Structure formats: C-alpha cells, structure tokens
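Structure at a glance
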Amino acid sequence: MSRREASFVCQNCGAAYGRWQGKCDACGEWNTIADENTGIASPRVPGRRPRKGRLFALEPLSGEAREAPRLGSGIAEFDRVTGGGFVRGSVLLLGGEPGIGKSTLLIQVAATLATAGHSTVYISGEEAIAQVRLRADRLGLAKAAVGLAAETSVEDIIATLAEKKPPRLLVIDSIQTMWTDAVEAAPGTVTQVRGSAQALIRFAKASGAAIILVGHVTKDGQIAGPRVVEHMVDAVLSFEGEGSQQFRILRAVKNRFGPTDEIGVFEMTGLGLREIANPSELFLSERDLGSPGTAVFAGIEGSRPLLVEIQALVAPTSLGTPRRAVVGWDQSRLSMILAVLEAHCGIRLSGHDVYLNIAGGLRIQEPAADLAAAAALVSSFANAPLPPDAVYFGEISLSGAIRPVAQAATRAKEAQKLGFHRAIIPEAGNNDACGDAGLTLEPVGSLARLVASIANRSKQDGAHRGIEAGRHTMRAG
Ligand code: TYD
Ligand code: MG
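Residues numbered from 1 in each chain as written. Chains lettered and ligands numbered in written order. Predicted model: local features only at pLDDT ≥ 70, side-chain atom pairs only at ≥ 80, totals over all residues. Heavy atoms only, no water.

**With respect to the nonpolar core**
- Residues W329, L341, L377 and Y392 are the most contacted members of the largest nonpolar core, which totals 71 residues.
- The element that contributes the greatest number of residues to this core is helix α8 (residues 370–382), accounting for 10 residues.
- Residues within four places of L377 in sequence aside, it is in contact with A312, V314, L334, I337, L338, L341, V354 and L356. (Core = buried A, V, L, I, M, F, W, Y, C linked by side-chain atoms within 4.5 Å. Buried < 20%, exposed > 50% of the residue type's maximum accessible area, 1.4 Å probe, protein only. Helix = DSSP H or I, 4+ residues; strand = E, 2+ residues; numbered from the N terminus. Contact = heavy atoms within 4.5 Å.)

The following block contains the structure:
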C-alpha cells in the first residue's frame, strides 16, 4: 500500500504543514503538531473526471429581505444571548470547561422546546442514555418529548434524522466525540472535529434544523479542537463560571444574528440551572460591608446595568518583586491605574503586593470600572473602608483625570433600585440625567481628589496605616 502524503495539523489552531515540526508557526504553540493524514491533501480524486461548473444568476443587493424567523427557547436568559432565539438552519457552538453545566443547560433548553411542541433531538456522544435520563429525571424533565440517542457517527445521525421530518433543534454533545467517514483521521483530532462540524452544518442548512454543538474548552479559555469550528458556525457562546461558585454566565463571543455583548446569568442549583433575572442582587448578595478594599462598580453588560463588587488587597511584600494578581479584569489596566496612582497621587506601591478581584466570578471589560478599582485599591492601601452605600464609575486617563462614561443615568438608576444612596462619578460630562435617579452625586475631577477624600475618611476613622502616615507625601488637590 502506498503511503499518502502525510499532513501535519496543529491541534491548537488547525494550521497544516507538509512535515512535522516542534513549533507551530501560525499560533506559536509547542508540540501541538500531529500527523493526521487528512486525505484532503490530494486535490484530484483518482478515477473521477473534473466536473464543469454549474452556472448561476447573480442577484442585486436590493430586494426582498425577510428577518430570519426565530424559535425562542423559552429560557429568557438564553434567548437574550442568542439575540431572540434560534434561527432556522443556524449552527451554534457552546463552549465551556468540563463540568460547568453545558449538558445541564442544553437538556433544559431541549426539554423546554419539546414541551412547547417543537421536535428536538439530543445526541450524547459522551454519556450513556441512562446517564442522560438520570439527569433529566433529577431535573424533573423526564416527561418532555426529547428524542434521545447515544451516537457518535455523523453519517448515522444525519441518515436517521433525514429519514423523517428533521427536528427544529438538534443538540450534539459534544463535537469532540463525533467522527465522520469523510476524513481518515482518528476521532478526536482537529481534522475529525472539522469534518464532523462541516457535515452537520451542511445538514442544518439543508434541513432548516437549528444545531447546537457542545465544545469543551481547555484551561486557557480556548475551545480546543473546536477552535477551528468557530469561524464555520453562526454563533459562538461561552458558558463560564468559577467551579466553586454557583453563578454561571452565558456570553456570546460571536453572533451573526444578534449582539455579542449580552450576558445571561444562571445559578446552578440542585435542580439544574435557574435563571437570574436581576443579577446585581446576586453579585452583591454576599457583600462584606464596612471592610476596607471593596468598592461597588455600577457597570453595563450589553443592554443591562450590572452592579458588582470590586475587591482589592494591598499589602507590604515579602518578596523582591512585588506580586500583581488580577482575577476578572485586565492586568494591563491594573498596571495603568497603579502607575497613575504613583505618578499623580504620590502613592508608592513598589513595596506592596496588589491583588484585585471581581466578586462572583464575573469578568469585566469596561474601562468605566477604573474608578471603582482605584477606589478599592486606595481604600485597602489606606485601610479606610469606603462608604457602603456608594457606587463608583468613571474612566481614568493617564493624566489622572476622570473621564465620563456612557449610560451614566442607567447605572445610577440601577444603584438607586438596589438601595444605594451615593454615586461617585466623573465631574466632566453631563450629569443632569444622572441626578434624576435620586442619588446624591459626588463628582470627582481627578484621581488625586478621590485619593484625598479617602485619606480624609481614614483620618476621621483614626486608622493607623493611613496614606498620610509619614512615608507617603500627598499631592492631592
Ligand atoms: P454538566 O452539565 O454535566 O457539565 P458539562 O456538560 O459542562 O461537562 O454539569 C455537571 C455539574 O453540574 C456537576 O458537577 C454536577 C452539577 N449539577 C448540579 O449542581 N445540579 C444539577 O441539577 C445538575 C444536573 C448538575
Ligand atoms: Mg456534558
């Protein structure tokens, strides 16, 4: 038997090479290239004549365009993230770490749709039928008319489903377990994942069924293997959360039919995932009132305001190089704020370890969190608790000025709704609308001004490790 031309594919990014090498040039990863013998390498299939292309008509850009009809899942937090439900013939990739609750979420979605009278099929490639049944039973969903199977052959699945009227929703749990005859690579390789996904996507487009593919994610947050599927599917959702905590956040990473900045918030309970309609309450529920180093940030996630607690710990270091650790926020933004505190506020942190954490396992991307983060840092440093009834928002510029942020009124209203009385906000910008929320507004123009007011609190409280305690000179004003 003649050996085919070998094809070496990076298991991380999917780049193909003619021969093996230790490092992938495309993504820079080491030891990720494996021989997959793809079979796509030979462009000409022997014994088959090249086909002449079929002619088709070109259409003008203007013309009838109908809004894609949607099938709501019946789970509002899920629909918020997809942009209003499933589009016919669309394919969605749901990524997340093992054990985060993907199967639980999808069996709930499938059961809700089935109960509403839509045909749904759930294919498990990982668990036996009995296991899926057990879970459904525990969730009280055993009566829902979901078609269930434990299969991994894509050809078998498509043949079975094409036999009858195709389902409205097909769940494939997970894409890593699927394999297709069309490619020769071993199951679980990037080539198999890509081939299987291609076949399923073709089936979705041809039949009009909406498909959800489950993809397991590696520790560094990349969808392993399915990375190569990301650009083929219509939407990529990621399901996140801290293993130890009950919150789960569903986020759209890519969405051809909707927004990508919306989040859906769930809580993992003994009876499956529960929707959290008002996440601010949840993220603030275990607040440690009156201790230094915590500030509440009034943020916006997608179209929804969200209040979260930012926690900071600034402590003298025992190492040569002080530690800077941040969870849930951008490391470089933390460095920037520390630099501004040092340059414009006279707070020297080179001898201190700095830790910053967003409570509840949330991840924040807004620059508007700068002010709250800085307030938490200074509060911890000065050992002065911040007022417990205050929220913070505002962007910090390199000059130390506080810049206005979008949707100030929405943020203030949410804070008022949750029982806060004060908002520390940027001085610049239009604060009239903000005042309508009924909060006491405390505009600050510069970071130095904020530091001065926190230092004042620390003096009043008689805290001993104040900013003014000798070593540090204040240039606030
Ligand atoms: P699962 O959906 O199997 O995760 P994934 O498919 O992402 O790997 O969820 C597994 C975890 O969820 C497991 O640790 C148990 C927990 N769980 C609950 O806490 N409550 C429940 O009702 C269910 C079904 C699971
Ligand atoms: Mg699972």
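**With respect to the site of ligand 1**
- Taken together, 16 residues sit near ligand 1, with G99, S103, T104, T269 and G272 positioned nearest.
- Between ligand 1 and G99 there is a distance of 2.7 Å, counted from an oxygen atom to a backbone nitrogen or oxygen.
- Here T269 contributes a backbone N or O atom positioned 2.8 Å from a nitrogen atom of ligand 1.
- In the complex, 74% of the free accessible area of ligand 1, which totals 570 Å², lies under the protein chains.
- Of all the secondary structure elements, the ones that give two or more residues to the shell around ligand 1 are α2 (102–115), α3 (129–138) and β13 (263–269).
- It is α2 that provides the largest number of residues to the shell around ligand 1, a total of 3 residues.
- Looking at the shell around ligand 1, its residues break down into 5 nonpolar, 7 polar and 4 charged. (Near = heavy atom within 4 Å. Polar contact = N/O pair within 3.5 Å; in protein donor to acceptor, adjacent residues only side chain to side chain. Areas by Shrake-Rupley, 256 points an atom, 1.4 Å probe, with all protein chains shown as cover. Nonpolar A, V, L, I, M, F, W, Y, C, P; charged D, E, K, R; others polar.)

**A look at the packing of helix α4 (residues 154–163) against helix α5 (residues 190–207)**
- One can describe the packing of α4 onto α5 by two numbers: an axis separation of 10 Å at closest approach and a directional angle of 10 degrees. On the basis of the axis angle, α4 is roughly parallel to α5. Residues V154, I158, L161 and A162 of α4 form the contact with α5, whose own contacting residues are S196, A199, L200 and F203.
- Taken together, the residues that form the contact of α4 with α5 break down as 7 nonpolar, 1 polar and no charged. (Axes fitted to C-alpha atoms, helices over the stretch in contact; angles between N-to-C directions. Parallel < 35°, antiparallel > 145°, perpendicular 65-115°, else oblique.)

**Quick look at the confidence of the model for the chain**
- A residue-level look at the chain finds 90% of positions with pLDDT of 70 or above and a mean pLDDT of 86.
- Here residues 38–42 is a poorly scored stretch, pLDDT under 50, and it has 8 contacts once near neighbours within four places are set aside; other chains count.
- Below pLDDT 50 for its whole length, residues 468–477 participates in 24 contacts with residues either more than four positions away or in separate chains. (pLDDT = per-residue confidence, 0-100.)

**A closer look at α2**
- Look at α2: 20 Å from first C-alpha to last across 14 residues, which is about the 20 Å you get at 1.5 Å a residue.
- Just downstream of α2 lies G117, where phi reads positive at about 95 degrees. (Expected span 1.5 Å × (residues − 1).)

**Re the sheet that holds strand β23 (residues 440–444)**
- Strands sit in the order β17-β18-β16-β15-β19-β22-β23 across an open sheet of 7 strands; the sheet is mixed. Each edge of the open sheet is held by one strand with a lone partner, namely β17 (324–327) and β23. The sheet shows a mean angle of 25 degrees between the axes of neighbouring strands, taken without regard to direction.
- The pairing of strand β16 (residues 304–316) with strand β18 (residues 352–358) spans 7 bridges and is classified as antiparallel. (Pairing = 2+ DSSP bridges.)

**As for the packing of aromatic side chains**
- Scanning the model with the defined rule gives 2 aromatic pairs in all.
- For the ring pair F239 and F266, a centre distance of 6.1 Å and an interplane angle of 80 degrees mean the geometry is edge-to-face. You can see F239 sitting in strand β11 (residues 235–240) and its partner F266 sitting in strand β13, a full 27 residues away along the chain.
- Relative accessible area serves as the criterion here: at 2%, F239 is assigned to the buried category. (Phe/Tyr/Trp six-rings, centres within 6.5 Å; stacked < 30°, edge-to-face > 60°.)

**Remarks on the pattern of salt bridges**
- According to the stated counting rule, one finds 15 salt bridges in the structure shown.
- Between D234 and R256 there is a salt bridge whose closest N-O contact spans 2.8 Å. With D234 in the loop between β10 (210–216) and β11 and R256 in the loop between β12 (247–255) and β13, the pair connects residues that are 22 residues apart, well separated along the chain.
- Judged by its relative accessible area of 5%, D234 is buried.
- On the basis of relative accessible area, R256 is assigned to the partly exposed category, the value being 48%.
- Each of E240, R251, E301 and R363 takes part in salt bridges that share partners, so that together they form one network. (Salt bridge = Lys/Arg side-chain N within 4 Å of Asp/Glu carboxyl O.)

**As for the side chain of R304**
- Here R304 lies in strand β16.
- For R304, a relative accessible area of 10% corresponds to the buried category.
- One polar contact links R304 to E77, side chain to side chain, over a distance of 3.3 Å.
- Here I263 takes part through its backbone oxygen, which lies 2.8 Å from a polar atom of the side chain of R304.
- Once you skip the residues sitting within four places of it in the chain, R304 turns out to touch E77, R80, I263, G264, V265, I276, A277, P279 and G299.

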